[in-house]
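Coordinate inspection notes
Each chain, letter by letter, is given below.
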Amino acid sequence: MSGDRPSPLVIERILRDRQGIWQQIVAEGDLNALTGRMLASSAIALACYGAVLGAFHSPLMALTSALKLPLLFLVTLAICLPTLYLFNLVFGARLSVRQSLALVMVAITVTSMLAVAFAPISLFFLITAPDYGFFKLLNVAILTLSALVGLRFLTGGMQVLNDHGLLAPATAAANAPAQVSVPAAANAPAQVGAPVAVPVGGTSGAAEPVAVPAGAAVASAANGAAPEGASATTTAPAPAAVPAQWSGQPGTAFPPGMVPPGYPAQQRHWGNPPVRRGEPTQRPASMTLLYIWILLFGFVGTQLAWTLRPFFGDPGQDFSLFRSIDGNFYAEILRTIANL
């Protein structure tokens, strides 16, 4: 929690004050202590849930599952974390290793705590409906749902880091409006009735200023005629036509060098479309690769779970710490569904 007396349970702080967690990760404030607390909480929760899984077979299987389930998540993290960190480095993100680790540990902590919250339900079906196939599918569904919620926290945290410019700093800098210095006189709209000096050719070759109304000078110049009160030799700069969608008035003419009122200074050049406020910014490559990394994390985790099995323990077989590696996790799930 964000108060002076934070909650002793790290999961409560994650759920109640997730913005405070993201801000702490952004600022890299005391990340070692935060990561250590999440690691300890996750290991305890996964050990409790692993004991429930192994209880279907025997107390010895419950003990080994309590050790292997935390090992499953931590080894999967150790395998996949370097990939996430290098993905971010390749595409210009400024995440440190500690920030990446803390983000993933938030997801694992939420997953483990949500799974242990389902433990009473799993125990209920273990006692009332001790069917091996049903019990296995039930707990696979619980772990899948818990992992999806935890990964949702991971994507939310990465989005916060993206908003702070840690994922795509170059893109954020490129999208910032350019500061262009334009003289105030060039941007000031002409006052109707104010005199404007127009050079008039004289007999001596020098130009004499003749005061004419501003509206007349601009309108006459737009029509190609000389202002009233000036001689035929009056010279005025040719106006530049501004497209209607930029000036707000169809066919509005502005003298050269003048920026139309309300038109962004950084987009005065012809051919550049106007910038509309409120348009969604382009998703950085780091966010796209995050979803690819999540799929990779899932495939590595399921294959490692198949390698470390058994977690449940088939009651028709004797206890064993590991099984021979044959088949795969997905084929086993499909076979179990078919047997039901």
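Being a predicted model, the structure only gives us computed values, none of them experimental.

Here's the deal with a nonpolar patch on the surface
Taken together, the side chains of L60, L63, L67, F319, L321 and F322 make up a nonpolar region of the molecular surface, amounting to roughly 580 Å² of accessible area. One can find L67 in helix α4 (residues 59–90).

Quick look at the side chain of S122
Tracing the backbone shows S122 in helix α6 (residues 119–128). On the basis of relative accessibility, which here comes to 0%, the residue S122 falls in the buried class. Apart from the residues lying within four places of it in its own chain, the contact partners of S122 are V52, F135, L138 and N139.

Concerning the environment of L67
Its relative accessible area of 61% is what places L67 among the exposed residues. Taking the C-alpha atoms as reference points, L67 and G50, separated by 17 residues in sequence, lie 7.4 Å from one another.

Details of the confidence of the model for the protein chain
Considering every residue of the protein chain, the mean pLDDT works out to 73; 62% of them sit at 70 or more. The weakest mean pLDDT in the protein chain belongs to helix α10 (residues 214–223) at 44; the strongest belongs to helix α3 (residues 31–54) at 94. Confidence over residues 178–212 falls short of pLDDT 50; this stretch has 48 contacts with residues more than four positions distant or in other chains. Low pLDDT, under 50, characterises residues 244–252; the predicted model gives this stretch 13 contacts beyond four residues in sequence or across chains.

Cut-off values and rules
- Residues numbered from 1 in each chain as written.
- Predicted model: local features only at pLDDT ≥ 70, side-chain atom pairs only at ≥ 80, totals over all residues.
- Heavy atoms only, no water.
- Patch = residues over 30% accessible without salt bridge, like charges linked within 9 Å, V, L, I, M, F, W, Y side chains within 5 Å.
- Areas by Shrake-Rupley, 256 points an atom, 1.4 Å probe, with all protein chains shown as cover.
- Salt bridge = Lys/Arg side-chain N within 4 Å of Asp/Glu carboxyl O.
- Helix = DSSP H or I, 4+ residues; strand = E, 2+ residues; numbered from the N terminus.
- Buried < 20%, exposed > 50% of the residue type's maximum accessible area, 1.4 Å probe, protein only.
- Contact = heavy atoms within 4.5 Å.
- pLDDT = per-residue confidence, 0-100.

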